[in-house]
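Commentary on secondary and tertiary structure
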Amino acid sequence: MTRSQQWVEYETDCVNIYWATAWINTGGIPGYIFKNMITIAGQKWSGWGPLATPKVNFSPPASQVNVKETTGFYLGISINGYGVSGQVASGTTNWNLHSTYIFYTASGTAALNAPVSSGTL
């Protein structure tokens, strides 16, 4: 089993948003590798494996901020020097940060499973 755990954190005074950050932890069965991407208010970071963003400050403070986190799941198989590899699934969480609540949409793709959930925190 493979997994992608995605988090977001931000500071607000219930009127304004002052900063936001996000991170992704990935892991699972050997042979899988993970391409992670985070976008905060249009600023982008990406890398293979776990990924964390620096604290993004908003000056002047913002009333709403968008954060998107995506993980691509890749599987590679090599036998006697011959192999295949490619993307087998992806998982994305879109966070809409507001001064008093978070609205999120989480979705995934895989051969037999494409869950979608959303809600307010």
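Each remark here, short or long, concerns the structure printed above.
Structural notes, computed from the coordinates. This is a predicted model, so every value here is computed, not measured.

Quick look at the side chain of Ser 99 now. Its location among the elements puts Ser 99 in the loop between β8 (82–98) and β9 (102–109). Apart from the residues lying within four places of it in its own chain, the contact partners of Ser 99 are Thr 12, Cys 14, Val 15, Asn 16, Ile 17 and Ser 63.

Turning our eyes to something else, we now look at the packing of aromatic side chains. Here the structure, examined in full by the defined rule, presents four aromatic pairs. Where Trp 7 meets Trp 23, the ring centres are 5.9 Å apart and the plane angle is 20°; that geometry is what we call stacked. With Trp 7 in strand β1 (residues 3–12) and Trp 23 in strand β2 (residues 17–27), this residue pair connects regions lying 16 residues apart in the sequence. Residue Trp 23 is classed as partly exposed on the basis of its relative accessible area, which comes to 27%. A cation over an aromatic ring shows up here: Lys 55 above the ring of Trp 19, its NZ or CZ 4.2 Å from the ring centre.

About the thresholds
- Residues numbered from 1 in each chain as written.
- Predicted model: local features only at pLDDT ≥ 70, side-chain atom pairs only at ≥ 80, totals over all residues.
- Heavy atoms only, no water.
- Helix = DSSP H or I, 4+ residues; strand = E, 2+ residues; numbered from the N terminus.
- Contact = heavy atoms within 4.5 Å.
- Phe/Tyr/Trp six-rings, centres within 6.5 Å; stacked < 30°, edge-to-face > 60°.
- Buried < 20%, exposed > 50% of the residue type's maximum accessible area, 1.4 Å probe, protein only.
- Lys NZ or Arg CZ within 6 Å of the ring centre and 35° of its normal.

Treat this as a map of the structure, not an account of what it does.
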